[in-house]
Amino acid sequence: GLAYTEFELKDFDVQCSDGSIKVSLQVANVGSHAGSAVPQVYVGFPSLKPALRQLRGFSKVRLEKGKETAVHFELGEEDWSYFDVDHQRWVSAAEKGEKVTVSIGTSSTDLVHTKELACGHGEKVNVRRVLQ
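Quick caveat, the model's predicted, so the values are computed rather than measured. (Residues numbered from 1 in each chain as written. Predicted model: local features only at pLDDT ≥ 70, side-chain atom pairs only at ≥ 80, totals over all residues. Heavy atoms only, no water.)

A. Representation of the nonpolar core in the model. In this structure, Ile21, Val23, Val27, Trp80 and Val102 are the most contacted members of the largest nonpolar core, which totals 26 residues. Among the elements of the structure, β1 (7-17), β2 (20-29), β4 (40-44), β6 (61-63), β7 (68-75), β10 (100-107) and β11 (110-117) are those that each provide at least two residues to this core. Residues in contact with Val102, not counting those within four places in the same chain, are Phe12, Val14, Ile21, Val23, Val41, Tyr42, His113, Thr114, Lys115 and Leu117. (Core = buried A, V, L, I, M, F, W, Y, C linked by side-chain atoms within 4.5 Å. Buried < 20%, exposed > 50% of the residue type's maximum accessible area, 1.4 Å probe, protein only. Helix = DSSP H or I, 4+ residues; strand = E, 2+ residues; numbered from the N terminus. Contact = heavy atoms within 4.5 Å.)

Shown next, in the form of structure tokens:
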């Protein structure tokens, strides 16, 4: 959307915790005016194809210039599951041994951080900054 200031999404962290994925980040207003940002969290996994990712959460935050705030999302197994038409049931990507990609940005075409992980295996993978 249209913003009259500039925001930075930083300190992105994704952790597996008791069957869920906890996503956290800082949103900073680095522009010269107060404004609102809407960070969005997307999830993707191989079985989701042909789709690359799906929106799984968003949060609108209003910040004065020079201020920042923490934003948190919690994703459940339903966020990385799909309906298997052949078997007529919901299937988790983790159940199939697939890694889940969690991305954060201000839109599906403006993703600034991505992390791939497998919650079923407790993997901890470094965050990679998406090149723009």
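B. Looking closely at the side chain of Asp79. Mapped onto the fold, Asp79 is located in the loop between β7 and β8 (81-84). When its relative accessible area of 12% is taken as the criterion, Asp79 is described as buried. Ignoring sequence-local partners within four residues, the contact set of Asp79 consists of Val43, Phe45 and Arg56.

C. A look at the sheet that holds β2. Read from one edge of the open sheet, three strands run β1-β2-β7, paired in antiparallel fashion. Each of the sheet's edge strands pairs with one partner strand only, and the pair in question is β1 and β7. Averaged over all adjacent pairs, the angle separating strand axes in this sheet is 15 degrees, with direction ignored. Taken together, the eight bridges between β2 and β7 define a ladder with antiparallel strand orientation. Counterpart to Leu25 in the pairing with β7 is Val71. (Pairing = 2+ DSSP bridges. Axes fitted to C-alpha atoms, helices over the stretch in contact; angles between N-to-C directions.)

D. Region of interest: the packing of aromatic side chains. Following the criterion strictly, the structure yields two aromatic pairs and no others. Seen in terms of ring centroids, Phe45 and Tyr82 are 6.3 Å apart; in terms of plane orientation they differ by 35 degrees. Their pairing is tilted. Placement of Phe45 in the loop between β4 and β5 (54-58) and of Tyr82 in strand β8 is noted, with a sequence separation of 37 residues between them. Residue classification places Tyr82 among the buried residues on the basis of a relative accessible area of 15%. (Phe/Tyr/Trp six-rings, centres within 6.5 Å; stacked < 30°, edge-to-face > 60°.)

E. Up close: the environment of Glu64. Inspection of the secondary structure puts Glu64 in the loop between β6 and β7. Looking at Glu64, the relative accessible area reads 48%, which means it is partly exposed. The spacing of Glu64 and Val30 is 34 residues in sequence and 9.5 Å in space, taken between C-alpha atoms. Sequence-distant contacts of Glu64, defined by excluding residues within four places in its chain, comprise Asn29 and Ala34.

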